[in-house]
Structures are given as structure tokens and as C-alpha cells.
Amino acid sequence: MLKNYFKTAVRSILKKPVYSFINLLGLSVGIGCSLLIFIYIHFELSFDTFHSKAEKTYRINTQFSFGDISRDINQTPSAVLPHLLANYPEIESGTRVVRSFRPVIIDAGDEKFQEEEFFYADSTFFDVFDFKLLSGNPVAALNAPNKVIFSEASAVKYFGKADILNETIRINDQEFIVSGVAENPPTNTHLQFDFIASFVSLDWAVTRTSWDAANYFTYLVINPAADIDDTARKLQDDVEENMGPFTGSSFVAMTLMPLLDIHLKSIISEELHKGDIKYVYTFSFIAILIIIIACVNYMNLATARSVFRAKEVGMRKVLGAYKPQLFFQFIGESAIITFAAIFISLVIAAVSVPAFANISGRPLDLRLFYDPIFYFSLLGTWLTISFLAGSYPAFVLSNYAPGRVLKSSFKDSGSGAVLRKVLVVFQFAVSIFLFIGAMIIFNQLEFMQNKKLGYQKEQLIVVPIDATVRNSFDAFEAGLLQLNQVNNVAMANESLTQVMGGYDLKVEGVHNDDGMLTTAMKVSPNFINTAGIELVAGEGLNDTDWKLAQAEEPVFNILINEAAADLMYQSPEEAIGKKSNMNGRTGVIKGVMKDFHFRSLKEEIQSLVFFIEPRGMSQILINANTNNPFETIAAIQSVWNENYNHRPFNYKFLDQEYDALYHAEEQLKQVYSMFTGLAILIGCLGLFGLVSFSTVQRAKEIGIRKVLGASVQSIILLITGSFMRLVFFGFLVAVPFSYWMMNQWLSDFQYRIDFSWLTVGITLVVQVLIALFVTSWQSIRAALSNPVDSIRNE
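Below or above, wherever it landed, is the structure these notes cover. Here the structure is a predicted model, which means the values were calculated and not measured. (Residues numbered from 1 in each chain as written. Predicted model: local features only at pLDDT ≥ 70, side-chain atom pairs only at ≥ 80, totals over all residues. Heavy atoms only, no water.)

With respect to the packing of aromatic side chains
The final tally for this structure, using the stated rule, is 42 aromatic pairs. Measuring from ring centre to ring centre gives 5.6 Å for Phe476 and Trp640, while their planes differ by 85 degrees; the resulting arrangement is edge-to-face. In this pair, Phe476 is assigned in helix α16 (residues 473–481) and Trp640 in helix α21 (residues 629–643), connecting sequence segments 164 residues apart. Summarising the burial analysis for this pair, Phe476 and Trp640 share the class buried. One aromatic cluster is present, formed by Phe50, Phe125, Phe126, Phe129, Phe131, Phe193 and Tyr219 through successive ring pairs. A cation sits over an aromatic face here: Lys234 above Tyr88, 4.8 Å from the ring centre. (Phe/Tyr/Trp six-rings, centres within 6.5 Å; stacked < 30°, edge-to-face > 60°. Helix = DSSP H or I, 4+ residues; strand = E, 2+ residues; numbered from the N terminus. Buried < 20%, exposed > 50% of the residue type's maximum accessible area, 1.4 Å probe, protein only. Lys NZ or Arg CZ within 6 Å of the ring centre and 35° of its normal.)

As C-alpha cells, then:
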């Protein structure tokens with residue numbers, strides 16, 4: 001019996017090759033798209049799962065709050081871990097990790113290289129994490145000063161081989177011994193390192209163990225039997241006890257974040273290699289929609305084709321076939337097509353993964369295809385789609401009454417026609433929803449990339465520096481200013497696109513007891529002119545302020561922004577001249593800057609302070625003519641080479657740093673747009689098939705209309721008009737849902753576009769044009785056909 005079912009199903013599929021091809025193509029593309037999305041989701045959910053202690057590992061995050069203002073960071077003071085290990089028996093192990101605050105310089109003989117992925121970690125690093133050492137002892141690799149672990153790629157880069165244990169190398173003018181070589185970190189970890197040096201190599205970190213500088217990632221391995229909530233409460237009690245003086249002006253809270261949540265659920269903006277759980281949900285939703293659209297195509301075409309298989313069903317029933325036998329015969333056809341579609345989709349996914357990895361910005365690969373569980377999932381997918389796509393057509397076909405069918409009195413049921421219309425409306429609604437979403441995402445990104453930020457990001461070049469450059473800055477600055485391409489030069493300790501330094505500011509007569517939490521940045525006197533930042537009151541910092549900051553009894557005059565003045569309940573003019581105290585740095589407010597965006601547009605502009613402190617300057621900002629960037633960079637590099645040979649010349653354009661803030665959103669746009677286009681393509685395939693069957697079904701009606709004088713235009717309008725109504729109904733269904741969903745997404749941005757009804761109108765026009773294009777060929781063909789051919793075949 002099964003063999004007969006199989007033969008019959010194959011014959012039926014081959015009998016109508018166009019119909020079968022449309023179904024096969026629609027299901028293949030739909031399942032292929034979903035497979036790609038599944039590969040992406042699997043990668044995102046796999047972050048840090050390879051660590052054996054991952055489920056009981058936590059990182060401590062810190063939140064600083066003052067009134068309604070709060071700031072989350074992923075770091076803690078250096079004293080936190082030693083205190084916890086000494087006093088919390090439920091903590092099995094822990095480690096501190098800190099990324100080098102500025103790029104390190106590695107001396108490779110004739111050349112020097114600047115490295116950014118350079119970390120320092122406690123000797124217990126490998127008690128917490130399972131990064132594999134190819135050579136070296138994990139217990140002793142980080143237990144003494146000036147020890148460093150190379151990744152395999154870094155070892156080959158500097159030594160030409162991976163076997164480099166006990167080799168020596170100069171890092172930041174200090175001799176380090178290679179104590180281990182680690183396998184390159186997997187792509188699915190939030191800790192992407194090229195080098196890990198021993199934490200005790202940082203003299204200032206070891207000698208200044210304190211509760212007052214949150215600069216260190218702190219990871220804990222906690223006994224699974226422990227009450228995490230109780231541990232968190234004890235931690236908070238210790239925070240309040242040990243950071244009491246600091247919390248006089250603000251509230252400090254520390255929380256435990258599971259290691260497995262860091263990549264997707266962290267709300268902290270400075271996370272490295274950060275993902276977003278909302279995008280995982282979004283792409284999962286899109287994958288489900290695409291699968292549903294593909295199944296809807298199959299159901300639509302199968303039920304439409306049922307009219308042409310009515311006599312076959314009638315004859316089978318007369319010859320003794322039972323309803324269950326017919327039902328499973330047609331389910332079998334669905335299973336064969338779905339099986340072929342899954343096979344083709346695997347090929348599509350395998351071929352498309354490299355391109356999709358490039359679009360999504362994720363290092364995706366086919367390792368999932370080697371997992372047996374994946375194939376069990378595919379089996380379940382095959383059975384589910386076969387049943388979902390084939391159940392209704394099978395039910396409809398198996399219920400035909402043989403008497404009506406064989407007397408040629410059978411007509412397509414009204415319920416079948418209504419169902420097809422509902423399903424077509426659903427397809428159009430999904431297409432319209434996805435299209436509106438793609439346009440909103442695109443417009444928001446355009447808005448962010450083109451918004452005036454309050455400084456001249458297009459003309460700014462950032463050059464990282466060290467103490468040697470900082471101490472001879474005057475000579476370097478003078479050389480740069482002699483270049484025609486250079487307008488202004490200044491120093492700072494952070495990037496303008498991501499100012500993170502947190503300070504406690506007290507101002508005379510304002511919050512005198514409590515103070516206020518503020519972000520602050522160290523700058524040189526000419527910084528605001530270099531960056532193109534506008535003053536609304538007072539004056540900027542100058543050379544006198546630079547000298548005062550270096551005096552025996554230093555004075556730290558400051559600039560604040562309008563947001564800081566608002567927090568003081570002062571107008572910009574009223575704030576000028578007031579005495580200030582910022583973490584012990586006393587001075588006066590010299591000027592008030594116009595608010596500018598110094599972080600992502602997802603965040604509201606908060607209070608900001610500029611102050612002079614030569615120690616800690618880590619980059620030079622150059623305002624230059626970038627019309628000919630190659631010529632400009634070459635000229636700047638020549639001045640660099642005249643002054644410095646101890647480190648390589650490296651640079652970035654500030655606008656590139658700014659664009660990097662929205663890398664995740666740019667990836668969302670790319671991926672979302674791609675799958676929106678494919679979803680529309682799948683819907684168009686189904687619409688093409690439906691129009692084809694509709695014109696065949698209505699052939700006699702069209703013939704009679706033509707004999708009675710109907711024009712070609714009226715026939716085309718008759719056929720296309722019925723489908724245009726479905727587009728309109730799909731539009732009515734999709735718009736409210738689109739409005740709600742996209743406003744939810746836009747709510748993540750403090751500075752955003754409004755939901756545009758022009759976008760909705762454009763979407764309707766585009767969908768109508770697509771539907772007209774798909775239906776027009778078959779409509780024109782039917783309208784131009786000879787009515788005699790259709791009428792005589794009664």
C-alpha cells in the first residue's frame with residue numbers, strides 16, 4: 001500500500017510540473033531562509049556555553065545612581081574579588097580581568113606593532129574559564145609578574161610558530177616571558193583576546209587595591225547549591241559598608257549577571273562583541289513567518305488544484321478507497337515535496353552561509369550540520385510541515401462526494417475559496433508588515449548616521465598615544481599645525497563617541513552636600529575648538545588652566561554642558577564662576593558647552609564635564625581637511641615619524657568610530673531586508689500559481705464574457721481586481737500591527753524618527769505594483785485567449 005501511495009504521489013507531482021515546481025521552490029526557499037536564521041540564532045545562543053562551569057559563573061556589574069540618573073558598567077573596584085573570596089564560602093573561585101586601557105606596543109625586532117585585544121588576568125583565570133592552552137601550565141601561567149599568554153594566531157604573527165614557550169618579548173618597553181600559548185578563542189565568547197598577561201604585572205592595580213575605582217571585570221564561580229539572591233544581598237550590604245563615603249552623593253549597587261546572559265541580555269553600552277536577545281526574538285519571528293508563508297503557498301495551490309483532481313478522487317472512492325486512505329495519499333504527496341524541499345534547502349543554506357555571515361557580521365559556519373540533534377530537528381520539521389501544509393488539502397480532497405463529481409456537477413466549494421482568500425490576505429499582511437519594518441529600520445539608521453551631533457565628526461582623526469608622546473606633545477602639535485591640511489590639534493583620554501568616565505561633582509551652592517553623578521573627560525586646552533563644540537556661556541579652557549592643573553597645589557577649572565547646568569537648576573550664565581569639586585579636584589566652572597551627543601543616540605544626553613589633567617591623556621584629536629584623506633594621513637604620518645620611532649603610527653577616523661556604535665542595527669537592517677525580500681518572493685510565487693489556476697478555472701467565464709463583447713482591458717481588470725482587493729485587506733490587517741511593533745523597536749532610541757505614514761503609503765503602492773506585476777502576465781494571457789477554445793470544451 002505504501003509503495004502504491006508513493007508511486008501515485010510521484011505521478012501526480014510529475015503530471016503538473018509547473019505547479020510542483022512552484023511548491024517545491026517556495027518551500028525550499030522558505031525552509032532555506034529559516035535554516036540560515038536558525039544557524040544565526042544557534043550561534044548567538046551558544047556564547048560561552050563551552051565553559052564547563054558556565055552555568056555557575058557570574059560577572060559582577062555595577063550601577064551608579066543619582067536621583068533619576070543611573071549608569072551601568074560591567075566593572076567593579078579591584079578590592080571586591082579578594083573580599084568575596086575571603087568572606088563568602090559559597091564562592092568556589094573567581095578572577096579579575098582588565099583590558100589594557102590603551103593599546104600596547106609590542107617590539108618585534110625591526111618593527112613595532114600596536115595591539116588592542118590585550119588583557120590582564122589573575123592566576124585563577126583558568127579555574128573559571130576553559131580556554132585551551134596548547135602549551136604552558138594553566139596554574140602557573142599567570143602567577144608572577146611579566147608573564148604573558150599568546151593566542152596561537154598572535155604567536156605565529158610574532159614568532160612564525162606556535163611553539164614559543166619561555167620565549168621573551170618586549171611589551172610597552174618591559175621584558176615579558178611567554179608562559180603559555182592558548183588556542184585561538186572561539187568566536188562565540190564575549191572575551192576575545194590576543195594576549196593575556198598576569199594581573200600582578202600591573203603594579204598600580206596590585207598596590208592600589210581599593211573600593212573606589214571600578215575598572216575590573218570580576219567573575220565568580222558560585223556553588224550551585226548556594227542561594228544566589230542571598231549572595232547578592234550580602235554583596236550589596238558589603239558595597240554599602242565599604243563604599244559609604246562614595247555613596248554619599250549617589251547610590252551604588254552591584255548585581256550578579258550569569259555568564260550565559262552577558263552576550264545577549266546585557267544592557268551595558270560598553271560591552272565588547274555584544275548581541276541583543278531582542279534581535280534573536282525578531283529573527284525567530286521572521287523565520288516562523290517565512291515557514292508559514294511557504295506552507296500557506298502549498299495549501300493555497302493544493303486546494304485551488306483540487307477542482308482538477310475531483311474526478312480522480314471520485315473514481316478512487318467508487319473503486320473502494322476509504323477516506324483515510326485518500327487522506328494519507330495526499331499527505332504523502334506533501335511529505336515527498338517537503339522532503340525534496342528540505343534537501344534543496346540544506347544545499348541553499350550550505351552555499352549561502354558565507355554570504356549570510358558577511359551580511360550579518362557574524363562568523364557563521366556549518367558546524368551545526370555535524371550535530372546529530374540537528375537532523376532529529378529536521379526530521380521533526382519535515383513531519384510538521386508535511387502535515388501542516390498537506391492536512392487541509394488532503395481533508396478537502398478526501399471528502400469529495402463521488403456522485404456529484406462523476407456527474408460533472410462538482411464546483412469549487414465556497415469554503416475553499418474563502419480559505420484561499422484568507423490565506424492570501426495573510427500573505428500580503430506579512431509582506432506589508434516586513435516591508436514597513438524594513439523601511440522604518442532603514443530610515444532610523446539614516447537619521448542616526450546623518451544627525452548633527454554637536455561636533456564635526458567628519459573632519460576628526462584620532463591617533464592613540466602614550467606617555468612619551470604626551471610629554472612631548474607641544475613639539476608634535478607645532479609640527480602638525482605647519483601642515484596646510486591640519487586646522488587644530490588637541491589631546492583627550494577618551495573617544496568623543498563613547499565618553500565613559502564617571503565622577504562625583506559638587507558645585508558651590510548647588511547639591512553642596514549630596515553632589516551629582518556626572519560623566520567627565522580629560523582634555524587639553526584647545527579641545528573644544530578642535531572638535532567644533534560650541535560654547536553657550538563663559539569661555540573655554542586655555543594654557544593658563546593647563547599650567548594651573550600642573551602646579552604644586554593644582555587647580556582644575558572645568559567646562560560643563562547644558563545638561564549639567566540643568567541638573568544644578570542653573571542657567572548657563574548663572575553657573576559661570578561657581579566653585580567646583582570633582583573627586584577632590586577643586587576649581588571653578590569657566591564655561592558651559594552646548595549639549596552634544598557623546599554616546600549612542602539610544603541614550604539621552606546626560607551631564608558632562610571637561611577638565612584638564614595631563615596624566616591619562618591617551619589620544620590626539622586632529623581636525624584636518626579630509627577631502628583627500630590619503631594625502632592628509634601621509635602628511636601627518638611624516639610629522640609623526642620625525643618625532644617618534646618608539647611606536648607605530650595608527651589612526652582612526654572619528655566618523656568610523658561613530659558608525660561602529662550602530663553596527664548591530666546596521667546588521668539588523670541588512671538581515672531584515674534580505675529576509676523581507678525573500679518572504680515577498682515566496683509570496684509572489686504562490687500568487688503566481690493562484691492566478692494561473694484562477695484563469696484556468698474561469699476560462700469559460702472569460703470566453704463567454706468576450707463573446708458578449710467584453711474588452712481585453714475589462715477582462716484584465718476583472719482578474720487583477722479580485723487580487724487587488726486582497727492586497728488592500730492585507731494592508732488593513734498589517735498596518736496596526738506594524739505601527740505597534742515598530743514603535744516598540746523605536747522606543748529603544750532616545751532620539752528617533754516618528755512612525756511615518758508616508759512609509760505606509762509607499763508600502764501600499766509597492767505591494768500593489770508587485771501584485772500587478774505578478775498577476776498581469778497570466779491576466780493578459782487569459783484576456784487574449786481565443787474564447788472558442790474554452791467554450792467548446794464543455
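Some remarks on the packing of α16 against α21
Here α16 crosses α21 at 150 degrees, and the two axes come no closer than 10 Å. When you trace α16 past α21, the crossing you get is right-handed. Contacts from Ala475, Phe476, Gly479 and Leu480 in α16 reach Ile636, Val639, Trp640 and Asn643 in α21. Tallied by class, residues from the contact of α16 with α21 come to six nonpolar, two polar and no charged. (Axes fitted to C-alpha atoms, helices over the stretch in contact; angles between N-to-C directions. Left-handed = near helix turned anticlockwise from the far one by under 90°. Contact = heavy atoms within 4.5 Å. Nonpolar A, V, L, I, M, F, W, Y, C, P; charged D, E, K, R; others polar.)

Here we look at the environment of Met243
As for its placement among the helices and strands, Met243 is situated in the loop between α7 (228–242) and β14 (251–258). Here the alpha-carbon distance between Met243 and Pro77, two residues 166 residues apart in the chain, equals 10.0 Å. With residues up to four places along the chain from it excluded, the contact list for Met243 reads Pro77, Trp211, Val252 and Met254.

So, the pattern of salt bridges
A complete count under the given rule lists 21 salt bridges for this structure. Measuring nitrogen to oxygen at the nearest pair gives 2.9 Å for the salt bridge that ties Lys56 to Glu92. Of this pair, Lys56 sits in the loop between α2 (17–45) and β1 (57–66) while Glu92 sits in strand β4 (residues 91–99), placing them 36 residues apart in sequence. With a shortest N-O distance of 3.1 Å, Arg99 and Glu117 are connected by a salt bridge. On the criterion of sequence distance, the pair formed by Arg99 in strand β4 and Glu117 in the loop between β6 (111–115) and β7 (118–121) is long-range, its members being 18 residues apart. Among the residues examined, Arg99 registers a relative accessible area of 24% and is labelled partly exposed. Because the salt bridges share partners, they merge into one network encompassing Lys522, Arg585, Glu613 and Arg615. (Salt bridge = Lys/Arg side-chain N within 4 Å of Asp/Glu carboxyl O.)

Overview of the sheet that holds strand β25 (residues 652–653)
The strand order across the open sheet built from four strands is β16-β24-β15-β25, with neighbouring strands paired in antiparallel fashion. Unpaired on one side and paired on the other, β16 (486–492) and β25 mark the two borders of the sheet. Relative to strand β24 (residues 619–624), β16 is paired through six bridges, and the arrangement is antiparallel. Pairing of Ala490 across the sheet is with Leu621, part of β24. Sheet strands touched by α21: β15 (460–464), β16, β24 and β25. Its angle to β15, the strand with the most contacts, is close to 35 degrees. (Pairing = 2+ DSSP bridges.)

Points about α2
A rise of 1.5 Å per residue sets the reference length of α2, with its 29 residues, at 42 Å; its end C-alpha atoms lie 41 Å apart and thus fit the reference within 8%. Counted residue by residue, α2 has 21 buried out of 29 residues, so it is predominantly covered. (Expected span 1.5 Å × (residues − 1).)

So, the nonpolar core
Side chains of nonpolar character tend, in soluble globular proteins, to be buried together. Formed by 123 residues in total, the largest nonpolar core has its most connected members in Tyr455, Leu496, Phe527, Ile533, Phe610, Ile620 and Ile622. The leading source of residues in this core is helix α9 (residues 277–305), at 13 residues. Not counting residues within four places of it along the chain, the set of residues in contact with Ile620 comprises Ile461, Val462, Val463, Ile465, Val469, Phe473, Phe476, Val489, Ala490 and Met491. By size, the runner-up hydrophobic cluster in this structure holds 23 residues, among which are Phe129, Ala182, Tyr219 and Ile262. (Core = buried A, V, L, I, M, F, W, Y, C linked by side-chain atoms within 4.5 Å.)

A few points about the pairing of strand β5 (residues 104–108)
Direction of pairing for β5 relative to β6: antiparallel, over a ladder of five bridges. When the bridges of β6 are listed, Ala108 appears paired with Glu111. In sequence, β5 turns back onto β6 through a hairpin of two residues, with Gly109 there showing a positive phi of about 85 degrees. Bridging between β5 and strand β10 (residues 168–171) involves two bridges; their strand directions are antiparallel. Its bridge partner being in β10, Asp107 is matched across the sheet by Arg170.

Remarks on helix α5 (residues 152–159)
Ser154, Ala155 and Tyr158 are the residues of α5 that are buried. The buried residues of α5 occupy an angular sector of 100 degrees when projected down its axis, which confines them to one face. In the core, the buried residues of α5 are packed alongside β5, β6, β9 (147–151), β10, β11 (174–182) and β12 (195–198). Gly160 sits one or two positions beyond α5 and adopts a positive phi of about 75 degrees. (Arc of directions from axis to C-beta.)

So, the side chain of Gln619
Relative to the helices and strands, Gln619 resides in strand β24. Non-local contacts of Gln619, meaning those with residues more than four positions away in its chain, are made with Val462, Val463, Pro464, Ile465, Ala490, Met491, Ala492, Glu494 and Ser495.

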